[in-house]
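If you want the building blocks of each chain, they are given just below.
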Amino acid sequence: MSSRLSVLCLLLLHTGAQGFGILPGDSLSHLEITERAILDVTVQVCRALAQAEGTDFTIPVQPFTAGAVAVACGAPQSSKSFRQAITLITLRNVRVDLRQALNGSFHFDEENFVQGRNIITEGLRAVKASNKQDNFEAARRKLGEISHPLQDFYSHSNWVELGNTLPNSNLIRAGASIGNIADESRATCRNCDGDDCRNNILEDVIEEQILTSGYFGVVPFVSTKPAGKCSHGGAVDQTSDIEPKGGINKDTFGSSHGHLHTAAANMAIAATSELLEDIREAAGDRPFLQMLGISKGSSKALCFVIDTTESMSDDIATVKNVTSFIIDNEVGTENEPSVYILVPFNDPDFGPLIRTTDPQVFKDVINSLSATGGGDEAELSLSGLQLALTAAPSNSEIFVFTDASAKDKQLKSTVIALIERTQTVVNFLISAQMLNRRRRREDSQQHGRIPESAAQLYRDLAQTSGGQAIEVLKSELPVAVSIITESSSSSLVTLLQAARSQGESNFVFNVDDTLTNPTVYISGHDVTFTLTSPSGESEQSSSLTGSLITSSQQVGNFRTLRLKKSAGEWRMKMESVDPYTLKVIGQSPVDFLFDFVEASQGPFQGFDALDTRPRAGVGGTLMVSLTGSDVARVTEVALVESSGIEEIQGVVQRLEQGNFIVRIDRIPSTAFVVRLKGLNSALTPAPSSSVFQRQSPTNFMSSNLTITVQADADSIMVPGTPFSVPFSVMTNGGGGNFTIRATNNRRFESTFPTSLVLATGNAKNGTVNLEAPLNTPSGTDVTLTIEAEAPGGNDSNYIVLRFSIVNPVTDFTQPKCELLSLQSANCSANCSSCRWGLSVRVSDGAEGTGVDRVSLRQGNGTLNTSLAPGNENITLVSYSASCLSTNVELLAVDRVGNTASCSYDRREGTTAPLSSSTKVTQSPLLCASILIFGLYLLTDLGTHWQS
C-alpha cells in the first residue's frame, strides 16, 4: 500500500457503523483511489516529458509509491514535497466526508446531480486559475475537495448499473448534459430481496438509461425520502428501512451493491485521472508537476525579504552577489530552487511580491533593486515577512535582511501563526553600522545596533521557526550570508534545535550513516562548549585544535562548526551567561512529515488535520510519515520543550510503508518541537550506525482556546462580491474579554468584532467580512488569519484559511481548430528527406475569452504560432515535419482553461483545405489507468472506499 494511505485509512473509522469500518479487506477507499490516480498520471506526464526531451524513462515497479515515482521522474529530491502534496490533496478529499457528511450535493446523493456537477466544475475553474497564477497550494486544496464528489458519483449513482464502462466525462464540463436524470416523482427502486439488492433498481430505469442515486439520512424517525426512491443503504442510513428497503451504494464489497464495487472503483480511478489530465492540459506539464510538488531541482524556494531603505545599500549589494552565486552554481542541479521569491519593504510601504521560476528573471529583479528613502527608526518588516510566508511553499526557508526595527510589531502573532502552519524557517540577518540614524534612541546599542527590544522580536520569530537571528556589522554581512548557500541544499534535515536563556545544558544528537556534512549553528554571545564524538574524543570551544571540527567560522553572534562525519551518538555541553540557540543540521534523504489531528465532531467518527494549535494539557494524536527510505522505521516520537528539558513520549503504532500513528498523553503547555528517532535498516538487530534522529525546526504552541469556522467557509471568492467567514471561539481556560484580530495577506478591507466576551466552556460567534476588489486577477488567493487572544495575552490561538479568487466565467466552450491547408509531398521514394506541413486556424469564438496557447501533444516537427491580424481570439498555427512522422496532435487551451485536442495525418490529403478534425476523445490516460487498476487488483487492496 502506498505511503501515508494506510495511516489515513486507519484513522477514518466509524465506531459501530457497518459499512464505514476499516477492517482489512479488498475494498478501495477515496484515499487509495485519489493517490493511485495521482501516481498513474504523474508517471504518464513524466514519461511524455522524457520522450519530448529525448531522455530515457523507466516505469517504476508497481504498486507505485511517491518516492519511486519521483525517482522515475528524475526528481528524487522532490520525494518529500511530492508526498506532502499528495497528503494535502487526500486529506482535503477526506475532509468532505467529515465536514460535509450530510450535504448530498458533495456526494451525489438524493439525485443532486446538477448541484454535484456544479461543485466539481466551479472547483475545477478555481484549480486552473490558481495554477495559472502559480498558487499551487490553493490548487491542491480545491483539487482534493472536488475529487471526492467526482468519485462518489460512481459509487452512489446507478451509472455502473446502467451498463456504462467508461467515466462520465461531462461531470467536469460545465453546461454539458450528464445524462437523463430521474424526475422527482419517478420511482426508481423496489425492495431488496432480503440482503440481496442486486436487482432492486427498476427495469424501466435501466432500459431508459435514467440516472438516479440513493437517499441518505442518519437521524432515526426523522430521515425520509420520496416514495419509490432508492436509498444509499447500510446500517447508518436510516432511509434504507423505509420502503423500498435496501440501498444501491458500492462503497465496499459489503455494501448493498458491493458486487459492483470493483467496477465503480475502477471508473473512479479513471475519472480522477481524467480530471487530472484536464488540469494538466490547461496548466502544461511542468506547472502540473509543480502543483504536485515535483520540480526539476530542489523543492525549496529561494526567498528574500529585503529592507530597501537608503542605509541598506551595502546589504542589497551582498544579496545581489549571493543571488548570482546561487543561480550561477545551482541552475540545472538538484539544488536549483523550485521558485524564487522577493518581497521588498520600507516605510510606508512593502511589496510588491515577485515570484518566478525563471532564475534569470529573478537575478534581473534583484539587480534592479536600489536603496532609497528611510530616515526614521522602523520599517514594515513583518508586513513583508507575512506576504512572503503566504506565497512560499510549505517547509521553505526565508531570509530577512534589515538594519531597522519593526514598525508593524503588532503582526508578531500573525507571523507566528503562519510560521507554525507552513513550518517555514525564517532567518534574520540584522546588520549595523558604526554610526547610524538610530543611535539617538535611548536604548540603542554600541556600534549602531538596533534597539535591544527590536532585536529580541526578531530573535523570538527566528527561534519559533527554527531559524537564526544573525547580528553583524555591515562589513561582516558577506561572511554571514554563507548560511543561505548551505540552506539551499535539497536534502537538508534538522537533527537538533534548542534555545536556552543561560546556564549550562547538555545535548545529545545522533549522526547516522545516511547523513553527510553535519554542521552545528550557534547564535549568541560568549557561548562555550565541549563537543564529544561517538568514540569519546572531546574538543572544546577554547582550543578547536582537535580532529572533530573540520572547520569553524564566527561572525557577529553567529558561529558555524563543520563536524567530522562519525556515525553514532554525539554530545555537546553548552554554557553561557546570555541567551543562545543551538541547531544541528546535515544532508540526508531520510526525513519525516507529520500532522496534528483531532477527532471529527460530525456524524462520521474519524480524524481531521488541525488548522489551529492543538489543545493544551490533554491528549493528542500525530500522523507521521517517513520519506527517503523504504526500510526506515520509527522507534520513538516525543514532544520536547523548546527551552527546557521536559520530554513527553508518544506511543508509536507502526502501519505500512513508513506510516505511523503517534498518541500523546499530554500536549505541553509551553513551546515544543517534535523529535523523531528511528532505524534505517531492515536488519535485526540493526547496526548502531543506522540509528537516526530528526526534529521539526518549527516550534509549536498549544492553547486552551478553540477557533472553528463553518464547514462551507473554505470556498471561492468572487471579486466585487462581499464574502463572509463565520467563526466561533471557545475557551477551556478562564473567561473574560478576548481580543480578536483578522488579517489577510492581500490588504483587502475587512470588518470583524475586535473582542468577544467568553465564559469558560462557552463559545461565541463572530464573522469576518471582506471583499476582493473588482480588478483582482482570477487565480489570486487570499490567506486569512483569524486570531483570538485571552485577557492578559497569556494564551492565544488562530485559524489560517486560504481562499481562491475566481472571476465569473461565461466561456465554457472549447477552442476550435480549422484546417486551412495540408501539404504532403510524395514520400514513397525517400521519406527521410521529404517534409510535409499544415496550417490551422484556432479560434475561441466571438464570445470566448481567447486562445491562450497552442502546443504539440504529439509530433516531432516544428510548430509556429502567431495571432491573426486584428483578432486576438484567433491563433494561426503552422506545422512542418519529416514524412517519417505521419501524425500530429495539437493541444489548444483558452484563457479560462477549456482545452481541445486536434489531430491530423499527412495522408489525409495534399493541398486541399480539409474540414476541422478536432477530436474530443477519451484521454489515453483513461485507458492506461484502467489497465493499471487491473494490475493493482493482484495486490492487497487495503481498506474500503469511504462514502
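Residues numbered from 1 in each chain as written. Predicted model: local features only at pLDDT ≥ 70, side-chain atom pairs only at ≥ 80, totals over all residues. Heavy atoms only, no water.

A few points about the overall build of the protein chain
In terms of regular secondary structure, the protein chain is built from 17 helices and 44 strands. Across the 947 residues in the protein chain, those meeting the buried criterion constitute 58%. Taking the contacts inside the protein chain whose residues are at least 6 apart along the sequence as the reference set, 73% of them involve residues at least 24 apart. Surface accessibility of the protein chain: about 36,100 Å² in total, with carbon and sulfur atoms responsible for 49%. (Helix = DSSP H or I, 4+ residues; strand = E, 2+ residues; numbered from the N terminus. Buried < 20%, exposed > 50% of the residue type's maximum accessible area, 1.4 Å probe, protein only. Contact = heavy atoms within 4.5 Å. Areas by Shrake-Rupley, 256 points an atom, 1.4 Å probe, with all protein chains shown as cover.)

With respect to a nonpolar patch on the surface
Where nonpolar side chains cluster on the molecular surface, the patch consists of Val219, Phe221 and Val222 and spans about 390 Å² of accessible area. Along the chain, the position of phenylalanine 221 falls in the loop between strand S2 (210-211) and helix H8 (261-283). (Patch = residues over 30% accessible without salt bridge, like charges linked within 9 Å, V, L, I, M, F, W, Y side chains within 5 Å. Salt bridge = Lys/Arg side-chain N within 4 Å of Asp/Glu carboxyl O.)

Quick word on the confidence of the model for the protein chain
A residue-level look at the protein chain finds 88% of positions with pLDDT of 70 or above and a mean pLDDT of 86. The least confident element of the protein chain, judged by mean pLDDT, is helix H1 (residues 5-11) at 29; the most confident is S2 at 98. The low-confidence segment residues 1-25, where pLDDT is below 50, has 88 contacts with residues more than four positions distant or belonging to other chains. Note that residues 910-947 has pLDDT below 50 and, in this model, 134 contacts with residues that lie over four places away or in other chains. (pLDDT = per-residue confidence, 0-100.)

A look at the packing of aromatic side chains
The geometry of an aromatic ring pair is captured by the separation of the ring centres together with the interplanar angle, meaning the angle of the planes. Enumeration over the complete set of coordinates arrives at 20 aromatic pairs. Plain terms: the ring middles of phenylalanine 304 and phenylalanine 401 are 5.8 Å apart, the flat faces sit at 85° to each other, and that makes the pair edge-to-face. Linking phenylalanine 304 in strand S3 (residues 301-307) with phenylalanine 401 in strand S7 (residues 397-402), this pair joins segments that are 97 residues apart in sequence. The exposure classification of phenylalanine 304 matches that of phenylalanine 401, with both residues buried. For the pair phenylalanine 596 and phenylalanine 700, a centre-to-centre distance of 5.5 Å together with 70° between the ring planes defines the contact as edge-to-face. (Phe/Tyr/Trp six-rings, centres within 6.5 Å; stacked < 30°, edge-to-face > 60°.)

Quick look at the packing of helix H13 (residues 412-422) against helix H14 (residues 452-465)
The contact between H13 and H14 brings their axes to 10 Å, and the two run at 20°. On the basis of their axis angle, the class for H13 and H14 is roughly parallel. Crossing geometry of H13 relative to H14 is assigned as right-handed. Contact residues: Lys412, Val415, Ile416 and Ile419 in H13; Leu457, Asp460, Leu461, Thr464 and Ser465 in H14. (Axes fitted to C-alpha atoms, helices over the stretch in contact; angles between N-to-C directions. Parallel < 35°, antiparallel > 145°, perpendicular 65-115°, else oblique. Left-handed = near helix turned anticlockwise from the far one by under 90°.)

Some thoughts on the pattern of salt bridges
Going through the model one piece at a time under the given rule, you end up with 43 salt bridges. Put simply, lysine 128 and aspartate 278 hold a salt bridge, and the shortest N to O gap is 2.6 Å. With a gap of 150 residues between them, lysine 128 in helix H5 (residues 113-132) and aspartate 278 in helix H8 connect regions that are remote in the sequence. Looking at aspartate 278, the relative accessible area reads 13%, which means it is buried. In this structure, lysine 363 engages aspartate 328 in a salt bridge whose closest nitrogen and oxygen atoms are separated by 2.8 Å. Linking lysine 363 in helix H11 (residues 359-367) with aspartate 328 in helix H10 (residues 313-330), this pair joins segments that are 35 residues apart in sequence. Among the residues examined, lysine 363 registers a relative accessible area of 13% and is labelled buried.

Some remarks on the pairing of S7
Within S7, six of the six residues are buried, which leaves the element mostly enclosed by the surrounding structure. Covered by surrounding structure in S7 are Glu397, Phe399 and Phe401 together with Ile398, Val400 and Thr402, the residues of both alternating faces. The pairing of S3 with S7 spans five bridges and is parallel. For isoleucine 306, the partnering residue across the bridge sits in S7 and is phenylalanine 401. By the bridge criterion, six bridges tie S7 to strand S9 (residues 425-432) in an arrangement that is parallel. Pairing of valine 400 across the sheet is with phenylalanine 428, part of S9. (Pairing = 2+ DSSP bridges.)

Topic: H8
Taking 1.5 Å of rise per residue, 23 residues should cover 33 Å, and H8 covers 33 Å from first to last C-alpha, within 8% of that figure. In terms of burial, H8 is a largely internal element, 21 of the 23 residues being buried. Following H8 by one or two positions, glycine 284 adopts a phi angle in the positive range, close to 100°. (Expected span 1.5 Å × (residues − 1).)

Some remarks on the sheet that holds strand S22 (residues 620-627)
Pairing in this open sheet of eight strands is antiparallel, and the strands run S21-S20-S22-S25-S24-S23-S26-S27 from one edge to the other. Of all the strands in the sheet, just strand S21 (607-609) and strand S27 (691-695) have a single pairing partner and so form its edges. The mean angle between the axes of side-by-side strands here comes to 30°, regardless of whether they run parallel or antiparallel.

Things to note about the sheet that holds strand S35 (residues 781-789)
Pairing within the open sheet is mixed, and its five strands lie in the order S29-S36-S35-S31-S33. The sheet is open, and its two edges are formed by strand S29 (716-717) and strand S33 (755-758), each paired on a single side. The sheet contact formed by strand S31 (residues 736-744) and S35 spans six bridges and is antiparallel. Along S35, the bridge assignment pairs alanine 742 with isoleucine 786. Of the strands in this sheet, S29, S35 and strand S36 (796-805) are in contact with helix H6 (residues 136-156), which crosses S36 at around 85°.

Examining unusual backbone geometry
Cis geometry is found at the peptide bond from glutamine 62 to proline 63, where omega equals 0°. Positionally, proline 63 belongs in the loop between helix H2 (30-53) and helix H3 (66-72). Looking along the chain, the bond that leaves threonine 684 and enters proline 685 is cis, with omega of -5°. As for its position among the elements, proline 685 is in the loop between strand S26 (672-679) and S27. Not every positive phi belongs to a glycine, and glutamate 110 is a case in point at roughly 55°. Locating glutamate 110 in the fold gives a position in the loop between helix H4 (79-99) and H5. The residue aspartate 526 is not glycine, and still its phi comes out positive at about 55°. With respect to the helices, strands and loops of the structure, aspartate 526 is situated in the loop between strand S13 (516-523) and strand S14 (528-532). Taking the relative accessible area as the measure of exposure, aspartate 526 reaches 62% and is therefore exposed.

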